[in-house]
Amino acid sequence: MNPPVSQTELTECDREPIHLLGGIQPHGALVAFSEPDLTLRVVSANIEAWLGRAPQALLGQPLAEFLHPTSLALLRRALSQQGPSGTLRIEAAGHAFVGLLHRSDGLAVLDLEPITSDSGEEGALVMVDQILSPLTRAKGPRALLQEVAGAVRTLSGFDRVMVYLFDSDWHGEVVAESREPATDSFLGMHFPASDIPVQARALYVRNTLRLIADARARPVPLVPAVLPELGRPLDLSGAALRSVSPVHLEYLANMGVGASMSISLLREGALWGLIACHHRAPLKVPAAARRACDVLARLVSLQLASEERATMAAEIARRAQFQTQLMERLSADSSSLPVSLSREADSVLGLTGSTGAALLLGEAPILMGATPTLDEVKALGEWLARQPFEGTTFHTERLGQVYEPAQAYLDVASGLLAVRLDPSAPRFVVWFRPEVTRTVTWAGNPLKPVVQGPGTQRLHPRASFTAWQETVQGASLPWTPEDRTAAAGLRGALVGVLLRHAAALTRSNAELDAFGGTVAHDLKEPLRGIQQYVSFLLEDVGDAVGSEGRKQLEEVRWLAGRTQGQMEALFEYSRVGRVELSWGQADMQEILEDVLTIVSSRIQENGIEVRVPRRLPELACDRVRIHQVWSNLLTNAAKYHQAGKPRWVEAGFITPEEPLSRPARRRADEYVFYVRDNGIGIPERFHETIFEMFRRLHPAHAYGGGNGAGLSIARRLIQLHGGDLWVESAPGQGSTFYFTLGKGPG
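The rules we used
- In this convention, every chain numbers its residues from 1, walking through the sequence in written order.
- Confidence filtering applies because this is a predicted model: local features only for residues at pLDDT of at least 70, side-chain atom pairs given and counted only at 80 or more, and all residues used for totals across whole chains, interfaces and linings.
- The basis for every side-chain value is the complete set of heavy atoms in the structure, and neither hydrogens nor water enter the calculation.
- Strands are runs of DSSP state E lasting at least two residues, helices are runs of H or I lasting at least four, and both sets are numbered from the N terminus onward.
- In what follows, residue pairs with any heavy atoms lying within 4.5 Å of each other are defined as contacts.
- Surface accessibility in these figures is a Shrake-Rupley result with a 1.4 Å probe; residues are shielded only by whichever protein chains are displayed.
- Criterion for a salt bridge: a side-chain nitrogen of Lys or Arg within 4 Å of a carboxyl oxygen of Asp or Glu.
- Burial status follows relative accessibility: with a 1.4 Å probe on protein chains alone, a residue under 20% of its type maximum counts as buried, one over 50% as exposed, and anything between as partly exposed.
- We call a set of buried Ala, Val, Leu, Ile, Met, Phe, Trp, Tyr and Cys residues a nonpolar core when their side-chain atoms join them within 4.5 Å.
- Strands are labelled as partners when DSSP assigns at least two bridges between them.
- With axes taken as lines fitted to C-alpha atoms, and helix axes fitted only over the stretch in contact, angles between N-to-C directions fall between 0 and 180 degrees.
- Helix crossings are classified by the rotation of the near helix relative to the far one: an anticlockwise turn of less than a right angle makes the crossing left-handed, while a clockwise turn makes it right-handed.
- Classification used: nonpolar for Ala, Val, Leu, Ile, Met, Phe, Trp, Tyr, Cys and Pro, charged for Asp, Glu, Lys and Arg, polar for all others including Gly.
- What a helix is expected to span follows from its residue count: subtract one and scale by 1.5 Å.
- Stacked, edge-to-face and tilted are the three classes for Phe, Tyr and Trp ring pairs, Trp counted by its six-membered ring, which pair at centre distances within 6.5 Å; planes under 30 degrees apart are stacked, over 60 edge-to-face, the rest tilted.
- This arc describes the spread of directions from the helix axis toward the C-beta atoms.
- Any pair of nitrogen or oxygen atoms within 3.5 Å is treated as a polar contact; in protein, a donor-acceptor pairing is required on top of that, and neighbouring residues in sequence qualify only through side-chain atoms on both sides.
- pLDDT runs from 0 to 100 and stands for how confident the predictor is about each residue.
- By definition, no residue in a patch forms a salt bridge, and every one has over 30% relative accessible area; like charges are joined within 9 Å, nonpolar side chains (Val, Leu, Ile, Met, Phe, Trp, Tyr) within 5 Å.

**With respect to the overall build of the protein**
Helix and strand counts for the protein stand at 20 helices and 29 strands. Residue pairs at least 24 apart in sequence account for 66% of intrachain contacts in the protein once pairs closer than 6 positions are excluded. About 36400 Å² of surface is accessible on the protein, with carbon and sulfur atoms providing 54% of the total.

**What about the pattern of salt bridges?**
If the charged atoms of two oppositely charged side chains come close together, the side chains can form a pair. Tallied over the full model, the rule gives 16 salt bridges. A salt bridge links Arg103 to Glu35; the shortest N-O distance between them is 2.7 Å. With Arg103 in strand E5 (residues 95-104) and Glu35 in the loop between strand E2 (29-33) and strand E3 (40-44), the pair connects residues that are 68 residues apart, well separated along the chain. We classify Arg103 as partly exposed; its relative accessible area is 35%. By relative accessible area, Glu35 is classed as partly exposed at 33%. In this structure, the salt-bridge partner of Glu180 is Arg153, at a minimum N-O distance of 3.1 Å. Residue Glu180 is found in the loop between strand E8 (172-179) and strand E9 (190-191), and its partner Arg153 is found in helix H6 (residues 141-156); the two are separated by 27 residues along the sequence.

**Some details on the nonpolar core**
Ranked by internal contacts, the top residues of the largest apolar core, which has 37 residues, are Met588, Trp630, Phe673, Phe739 and Leu741. Where this core is concerned, the elements lending two or more residues are helix H17 (588-598), strand E25 (618-621), helix H19 (623-639), strand E26 (647-654), strand E27 (672-677), helix H20 (710-720), strand E28 (725-729) and strand E29 (735-739). With seven residues, H19 is the single largest residue contributor to this core. In this view, Leu741 contacts Trp583, Met588, Leu619, Cys621, Ile626, Glu670, Phe673, Ile718, His721, Gly722 and Gly723; residues no more than four positions away in its chain are not counted. If you look at the next biggest cluster of nonpolar residues, it comprises 32 residues, including Ala259, Leu265, Trp272 and Leu304.

**A short note on the pairing of strand E14 (residues 356-360)**
Among the five residues in E14, five count as buried, and that is most of the element. Along E14, one buried face is formed by Gly356, Ala358 and Leu360 and the opposite face, lined by Ala357 and Leu359, is buried too. Alignment of E14 against strand E15 (residues 366-369), held across four bridges, turns out to be antiparallel. Across the sheet, Leu359 pairs through a bridge with Ile366, a residue of E15. Note that E14 and strand E18 (residues 428-433) share five bridges and pair antiparallel. Its bridge partner being in E18, Ala358 is matched across the sheet by Val430.

**Some thoughts on the packing of H19 against H20**
Relative orientation of the contacting elements H19 and H20 amounts to 145 degrees, with a least axis distance of 9 Å. The two elements H19 and H20 meet at a crossing, and its hand is left-handed. Judged by residue contacts, Arg625, Ile626, Gln628, Val629, Asn632, Leu633 and Asn636 of H19 engage Gly710, Leu711, Ile713, Ala714, Leu717 and Ile718 from H20. Residue composition of the contact of H19 with H20, grouped by class: eight nonpolar, four polar and one charged.

**Brief notes about H6**
Turn by turn, an α-helix covers 3.6 residues, leaving residues three or four places apart pointing in a common direction. Compared with an ideal rise of 1.5 Å per residue, which puts 16 residues at 22 Å, H6 spans 22 Å between its outermost C-alpha atoms and is within 8% of the ideal. Within the span of H6, buried status applies to Leu144, Leu145, Val148, Ala149, Ala151, Val152, Arg153, Leu155 and Ser156. After H6 finishes, the residue Gly157 shows a positive phi value of roughly 90 degrees.

**Overview of the packing of aromatic side chains**
For the structure on display, the rule yields 17 aromatic pairs. Geometrically, the ring pair formed by Phe186 and Phe191 is tilted, given 5.8 Å between the ring centres and 55 degrees between the ring planes. A residue is classified by how much of its surface remains accessible, and Phe186, at 6% relative accessible area, is buried. Owing to a relative accessible area of 4%, Phe191 belongs among the buried residues under this scheme.

**Digging into the sheet that holds E29**
Spatially, five strands are ordered E24-E26-E27-E29-E28 in an open sheet, and the strand pairing comes out mixed. Across the chains shown, the open sheet's two edge strands, defined by having one partner strand only, are strand E24 (608-611) and E28. Taken pair by pair, the neighbouring strands of this sheet meet at an average axis angle of 15 degrees, ignoring direction. Inspection of the sheet shows E27 paired to E29 by five bridges, in the antiparallel sense. Looking at E29, one finds that Val675 is bridged to Phe737. Contacts between H19 and the sheet are confined to E24, E26, E27, E28 and E29, with E27 contributing the most and set at about 20 degrees to the helix.

**Some details on the sheet that holds E18**
Read from one edge to the other, the open sheet built from five strands follows the order E15-E14-E18-E17-E16, with strand pairing classed as antiparallel. A single partner strand is all that each edge strand has here, and the edge strands are E15 and strand E16 (393-396). Ignoring strand direction, the axes of neighbouring strands in this sheet form an average angle of 10 degrees. Helix-sheet contacts for helix H12 (residues 374-384) involve E14, E15, E16, strand E17 (415-420) and E18, and the interaxial angle to E18 is about 115 degrees.

**Observations regarding H17**
Listing the buried residues of H17 in full gives Met588, Gln589, Ile591, Leu592, Val595 and Leu596. The buried residues of H17 all sit within an arc of 160 degrees when viewed along its axis, so they share a single face. Away from its buried face by more than 90 degrees, H17 exposes Thr597 and Ile598. Its side-chain oxygen placed 2.9 Å from the backbone nitrogen of Gln589, Asp587 serves as the N-cap of H17.

**Notes on the environment of Gly22**
Turning to its location among the elements, Gly22 is positioned in the loop between helix H1 (7-14) and strand E1 (23-24). Taking the relative accessible area as the measure of exposure, Gly22 reaches 14% and is therefore buried. Discounting chain neighbours no more than four positions away, the residues touching Gly22 are Val220, Pro221, Leu222 and Pro233.

**Re the confidence of the model for the protein**
Any region with low pLDDT has predicted coordinates that should not be read closely. When pLDDT is averaged along the protein, the result is 78, and 73% of the positions lie at 70 or above. A low-confidence stretch, residues 454-458 stays under pLDDT 50, and its non-local contacts, those more than four residues away or across chains, total five contacts. Throughout residues 514-523 the model reports pLDDT below 50, and contacts reaching past four residues in sequence, or to other chains, amount to seven contacts.

**Here's the deal with a nonpolar patch on the surface**
Where nonpolar side chains cluster on the molecular surface, the patch consists of Val295, Leu299 and Leu302 and spans about 270 Å² of accessible area. In this structure, Val295 sits in helix H9 (residues 287-332). By relative accessible area, which is 43% here, Val295 ends up partly exposed.

Dropping the structure here:
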């Protein structure tokens, strides 16, 4: 049994020097000469059949000895042009040739193909004129390519003509075909990228037409075989008569092909398809017919490129209008950007033709449509933050191949398109597409594009091209250029919306500051007055109103006090967002001890043991603001305890070298501080809710009351430091609040 072919061996196929084979096809001859003396330096071994002199007798001789004077003048004129290339009519030693001129390795190289009849010139031009009219009537790209296949077959006489388009990974599909009924069909079949290796694709760009007139003919060597000054054969990359790689000849033989011709389809100078022609027997296609096919292919390439650009432009314009309407609605919405975008879920999804999306804007992700879970999206966002982006976008149709955890949710997110909103922070808009399972029909088994030859050191192409079906999984529909353009466009539009929101916020902050004094006087003072009047009533008529009336008056006093506390907390929260931190080196242990002294009465009242496993470090922060954070976290830990069991609170830190339960650490040198308790715990579904303003999970009077603003303010202070504040907790298992402090000032 032959050993399997490795990827390394396939890579060797890509490096085969097919331009340095040192020979030509036998249906013509080749001469190479130096300039400006036009002295022959290389000739093909069959030159005597055309010029009547042996190769060695011609080397070192001037072209003037055997070229007709008219042809010599034509050749000199072509050489005087920049980058000479094209076909010439050459007469030499009484024979008429079609000559193809180019330069290589410091020599001028001339392919010579004998002209056997002049009738082909006029006939081919007439046929081109005849087939251009139906081409203009073809409706749609596929219909046009089908017309091209039939036209090229008419011009060239091949048994089978296929139009073959490349995919992004260079495998190809036959999308149009014209053939003799007795010839096998490859329409709709796919061919692996290894069938046309890298260096062959490069030559298809350089030489847009390639004829192999007889796939069974022996190549004609060059004389000399090696250029003495280079130590290798003459580079025949630009030669139409260049001989054929043994691997490719064997490939054609395995397909039952006796002659072939390929015509490149280029788009903006890049290869995007081929017109591949096959014949069961050798076939010499006249130069005029070949030129007609080449011209036809160029015209079709231009037409398809134009139609594609027009279609793309129309689609981009449609999505731009769609996006403009979306932005108008977002601008008119006074809510925060995450909330506004979540209300426009259908529009956000429709912009890229996706089934799911997620907004990662620095807080908890906002999910739309069919997406992975919240935790999976968070982890995906952390992975995205480490990926290289093409400008501001990143896309893949096979997320599971580049990010292994995605294998668990390919049904909703096999395809991913992300746009980075902030180059300095992990903020993204991400779109998802599900896996689409499809069946691909290959011309032979693509997993065995080559086989090991028995007793040889080279690879051989596969022998069978029988239809072989493969079920392709793990991939979504591809992201089109229009999808990527729409995503990038949304980013630019969102920046505009953010700027407008920021301008509005700046105005509202200024107005809030100006309004603060008025509110303090007009609202806070009346609330204090209500509390005082209720106290007077309780003192003066408390006994007269009875226990029920007294209870109601107490409730009024409590409500007034709570409203006043919420108002003060709201002002504090708004001020926190605009405060400038006063950075300095602070001893975190001293801050903690000061806070414990201040809250000691509550701690002692609740019988709580305080644990500080080790001394806290010094680091840069705003001492006053971090003092406020510790105070809030320790006060909460002391409040929410379970009755009937020993109570404790622990304050500490985790060094950069120590493990952490979740991947929150953003830098290698970052400390993570925590406050841990054995209290009542918090269900996971409320882990983000508790950080919202005035959100309490328990009745207002329970666990010592409170206005529900402390955690919101604490998180905002931590975010101002560039850090993060989060909780890990479960009912009955206590809670641990973690926070980091970012990278410091500047």
